[in-house]
Amino acid sequence: MNVPFLDLGAAYRELKTEIDSAIQRVLDSGWYILGPEVEAFEAEWAAYCEADHAVGLANGLDALILALRALDIGSGDEVIVPSNTYIATWLAVTAVGARPVPVEPDPATHNIDPARIADAITPATRALLPVHLYGQPADLDPLLALARQHGLPVIEDAAQAHGARYKGRRIGALGDVVCWSFYPGKNLGALGDGGAVTTNCPDLADRIRVLRNYGSRVKYKNEVLGENSRLDPIQAAVLRVKLPHLDAWTDRRRAIAGAYAEGLRDTELILPHVPEWADPVWHLYVVRSPDRDGLQQRLTAAGVGTLIHYPIPPHMQAAYARLGLAPEALPLARDLAGEVLSLPMGPQLLLADAVRVAANV
Ligand SMILES: *Cc1c(COP(=O)(O)O)cnc(C)c1O
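Quick look at the structure, then. No experiment lies behind these values; they were computed from the predicted model shown.

Looking now at the overall build of the protein. Scanning the protein for helices and strands turns up twelve helices and 14 strands. C-alpha atoms of the protein, sized along the principal axes, occupy 60 × 55 × 40 Å. By residue count, 55% of the 361 residues in the protein fall in the buried class. Contacts spanning at least 24 positions in sequence make up 70% of the contacts within the protein whose residues lie at least 6 apart. For the protein, the accessible surface area stands at approximately 15100 Å², while carbon and sulfur atoms represent 53% of it. Measuring between centres, the 32 positive side-chain charges of the protein sit 3 Å from its 43 negative side-chain charges.

Take the pairing of strand 3 (residues 99–103) next. Summarising burial for strand 3: four of the five residues are buried, a large majority. Two elements, strand 2 (residues 78–82) and strand 3, share five bridges in a ladder whose sense is parallel. Within the sheet, the bridge partner assigned to Pro-82 lies in strand 3 and is Val-103. With respect to chirality, the unit in which strand 2 leads through helix 5 (residues 88–95) into the neighbouring parallel strand 3 is right-handed.

The next point concerns the pairing of strand 13 (residues 285–288). Residues in a regular strand point their side chains to alternate faces of the sheet. Here strand 13 shows a buried face lined by Tyr-285 and Val-287 and a second buried face lined by Val-286 and Arg-288. Where strand 13 lies against strand 14 (residues 340–343), four bridges are found, and the strand directions are antiparallel. Bridged to Tyr-285 within strand 14 is Leu-343.

What follows concerns the environment of Gly-226. Topologically, Gly-226 is positioned in the loop between strand 11 (221–222) and helix 8 (233–242). By relative accessible area, Gly-226 is classed as partly exposed at 29%. In sequence terms Gly-226 and Leu-27 are 199 residues apart; their C-alpha atoms lie 27 Å from each other.

What follows concerns the nonpolar core. Of all hydrophobic cores here, the largest spans 45 residues; its most connected members are Phe-41, Trp-45, Ile-80, Ile-117, Trp-180 and Phe-182. Contributing elements (two or more residues each) for this core: helix 3 (36–48), strand 3, helix 6 (140–150), strand 8 (177–181) and helix 8. Counting contributing residues, this core receives three or more from each of domain 1 (8–103 + 110–244) and domain 2 (245–360). If sequence neighbours within four positions are ignored, Trp-45 has contacts with Ala-54, His-162, Trp-180, Phe-182, Leu-188, Ala-196, Thr-198, Leu-243 and Leu-246. With 31 residues, the next largest nonpolar core counts Leu-57, Ala-63, Leu-68 and Val-177 among its residues.

Attention now goes to the sheet that holds strand 2. Strand order in the open sheet made by the three strands is 3-2-4, with parallel pairing throughout. In the strand order of this sheet, the two ends are held by strand 3 and strand 4 (125–128), each with one partner. Pairwise comparison of adjacent strand axes, ignoring direction, gives a mean angle of 35 degrees for this sheet. As judged from the three bridges shared by strand 2 and strand 4, these two strands associate in the parallel manner. Within the sheet, the bridge partner assigned to Val-79 lies in strand 4 and is Ala-127.

Turning our attention to helix 7 (residues 202–211). Along helix 7, the residues classified as buried are Leu-204, Ala-205, Ile-208, Val-210 and Leu-211. Looking at the buried residues of helix 7, the elements they touch are strand 1 (53–57), helix 4 (60–70), strand 8, strand 9 (195–199) and strand 10 (216–218).

Let us now look at the pattern of salt bridges. Pairing is possible between side chains that carry opposite charge, provided their charged atoms lie close to one another. Under the criterion given, the structure shown has 26 salt bridges. Residue Arg-240 pairs with Glu-37 through a salt bridge whose shortest N-O separation is 3.1 Å. Note that Arg-240 is positioned in helix 8 and Glu-37 in helix 3, a separation of 203 residues in sequence. With a shortest N-O distance of 3.4 Å, Glu-50 and Arg-165 are connected by a salt bridge.

Next up on the list: the side chain of His-315. Tracing the backbone through its elements, the reader meets His-315 in the loop between helix 10 (292–301) and helix 11 (331–339). Apart from the residues within four sequence positions on either side, His-315 is in contact with Trp-90, Leu-325, Ala-326, Pro-327, Leu-330, Ala-333 and Arg-334.

Inspection of the secondary structure assignment puts Glu-156 in strand 5 (residues 155–157). For the buried residue Glu-156, which engages in no salt bridge, the nearest side chain bearing the opposite charge is Arg-169, 9.3 Å off. At 2.5 Å, the side chain of Glu-156 forms a polar contact with the backbone nitrogen of Gly-175. With residues up to four places along the chain from it excluded, the contact list for Glu-156 reads Pro-130, His-132, Leu-140, Ile-171, Leu-174, Gly-175, Val-177, Val-178 and Cys-179.

Rules behind the numbers
Residues numbered from 1 in each chain as written. Predicted model: local features only at pLDDT ≥ 70, side-chain atom pairs only at ≥ 80, totals over all residues. Heavy atoms only, no water. Helix = DSSP H or I, 4+ residues; strand = E, 2+ residues; numbered from the N terminus. Buried < 20%, exposed > 50% of the residue type's maximum accessible area, 1.4 Å probe, protein only. Contact = heavy atoms within 4.5 Å. Areas by Shrake-Rupley, 256 points an atom, 1.4 Å probe, with all protein chains shown as cover. Lys, Arg positive; Asp, Glu negative; His and termini not counted. Charge placed at Lys NZ, Arg CZ, Asp CG, Glu CD. Pairing = 2+ DSSP bridges. Right-handed = clockwise from strand over helix to strand, strands pointing away. Core = buried A, V, L, I, M, F, W, Y, C linked by side-chain atoms within 4.5 Å. Domains from an automatic or database assignment. Axes fitted to C-alpha atoms, helices over the stretch in contact; angles between N-to-C directions. Salt bridge = Lys/Arg side-chain N within 4 Å of Asp/Glu carboxyl O. Polar contact = N/O pair within 3.5 Å; in protein donor to acceptor, adjacent residues only side chain to side chain.

Below, the structure written as structure tokens:
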């Protein structure tokens, strides 16, 4: 067997003609920063996300950073984050000078446990930052209720959740501002870096639009201390080709997840739990096993590519030694890191191969 974890080249080849001509269109236009391609993608992405506004940015980490900056969150402030997430979620908080305050996951979903958030709120808390991890929506209603009760904004890290629905509603503007990545391996991926925010709040959209472009609305007039974080028009053109295919790709991911659920039902692995209110988009299919390393070695030997998301939780990274959090301070995040394994997943993975992977497991 030779089943890679993810085949980005296959994703490109599926739409090669359309993608090549979209890139050529931008090259021929003579317009290489912001402009009509970026504006068109922003309108299309906002509509897809059922949000009023989208702002195209350079990457997902910047989306989180600019969302925090637009909300005036900075030094001395605390932001509630999941203990079990990709480190970018935490890095955004520290990048603006604020402190990440981690909350442990619901062990069934691996997503932030809303029941544990209240205890983490202090007078310094300025925002809640849930992540829709693996493409599974976080349980937003209790989280939004808590945020309202404390007068806190909700920033969603949706870098893995393009197209996911919570109680039938698209992830895109359920919280105050939603942050997206179009890193090539994401469910909607560019051919390089890209990101965006979506929101229903015109003021936040406007602030982020100004922040991404040197703090400037009118050339050479700088209102605030901005950055350079603009979505590249070539990437916007690629994303415009791919977006109409996203739902069909999500359906293929769902079929693969179904094949795994069926084929792995009688194993000792802990399989992903999907709450009845969730329509996940299966960015990752993550199983859990106390013998994770052995399982990964056997699958590698059988020609099956797997990855670990994530092998070291943020609080155990050298970069966060300064927070002084012992591994056992967040035992659920620590234990998940030792036991999770992501099986091959992607719209170009053949269903028959997924069935064979399950049989191999
Ligand atoms: C990919 C990712 C990011 C960062 O996106 P980039 O575009 O790589 O900067 C942030 N949060 C999560 C959960 C991610 O998976």
